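# Structural features, examined
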Amino acid sequence: MDTLSSPSIRKHPDLAALFKDAEARHLSDDELETVLGVFPELAPEAQACREVREVEKKVVKRVVREIFSQYDYTEHHEHAMAKCPRDVRYVVAYATASMLFRDHSYFDDKVLIWLKTILQSFDFPKRKVSSSGALFADEKLEDALAQQPQKRQSVFHTYYRLREEMGKSISAESFQKLEPFLTQALTTLTEEY
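Residues numbered from 1 in each chain as written. Predicted model: local features only at pLDDT ≥ 70, side-chain atom pairs only at ≥ 80, totals over all residues. Heavy atoms only, no water.

Looking only at helices and strands, the protein chain has nine helices and zero strands in total. In terms of overall size, the protein chain behaves like a compact globule, its C-alpha atoms giving a radius of gyration of 17 Å where 193 residues would be expected to give roughly 16 Å. Counting only C-alpha atoms and orienting by the principal axes, one finds that the protein chain spans roughly 55 × 35 × 25 Å. Looking at the 193 residues of the protein chain, the share that counts as buried comes to 48%. The contacts of the protein chain with a sequence gap of at least 6 include a subset with a gap of at least 24, amounting to 70%. When the accessible surface of the protein chain is totalled, it reaches about 10,000 Å², and 52% of it is carbon and sulfur. Mean positive and mean negative side-chain charge positions of the protein chain (27 and 32 charges, respectively) differ by 4 Å. (Helix = DSSP H or I, 4+ residues; strand = E, 2+ residues; numbered from the N terminus. Rg over C-alpha atoms; globule rule 2.2 N^0.38 Å. Buried < 20%, exposed > 50% of the residue type's maximum accessible area, 1.4 Å probe, protein only. Contact = heavy atoms within 4.5 Å. Areas by Shrake-Rupley, 256 points an atom, 1.4 Å probe, with all protein chains shown as cover. Lys, Arg positive; Asp, Glu negative; His and termini not counted. Charge placed at Lys NZ, Arg CZ, Asp CG, Glu CD.)

This is how it looks when you write it as structure tokens:
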């Protein structure tokens with residue numbers, strides 16, 4: 001029986017409570033082993049979950065440091081130093097869970113639509129420095145930012161760099177599993193308001 005063609009694995013009777021308890025955080029090794037006991041074919045996704053969990057804090061820290069060096073978040077938003085990393089970490093946790101569930105709609109429903117609504121209510125600061133023209137500038141990023149309205153530039157920059165940094169920090173096999181969900185976050189959070 002192909003268990004993955006049935007309804008979302010997050011609703012499986014042996015796993016639903018485990019998944020509910022793990023919302024907004026990464027699954028532990030014991031929890032991943034429980035999932036694999038029911039769905040052994042998810043071994044590649046479980047490996048990706050482990051890799052992401054191990055690097056997430058460092059990746060988010062690098063991304064947020066870059067964003068704060070180029071946009072005056074602390075001047076425009078109260079508690080930005082706490083809220084921005086928290087929100088990016090939520091996106092990573094839910095992207096990882098959605099990857100494990102093979103369920104893009106879960107990602108939208110649990111965090112992206114909520115976060116997009118919040119982001120729409122903010123006035124984001126203008127970029128104070130640009131890396132265009134720098135020796136190691138990411139021209140693809142610079143071109144994409146130039147096409148974004150100023151209100152969405154920092155959000156685009158954040159989730160673009162999250163995807164890029166995660167791709168450098170986990171194995172190619174694991175990134176291949178996670179990348180569609182990070183791209184979903186980038187696309188959804190920067191859609192036309």
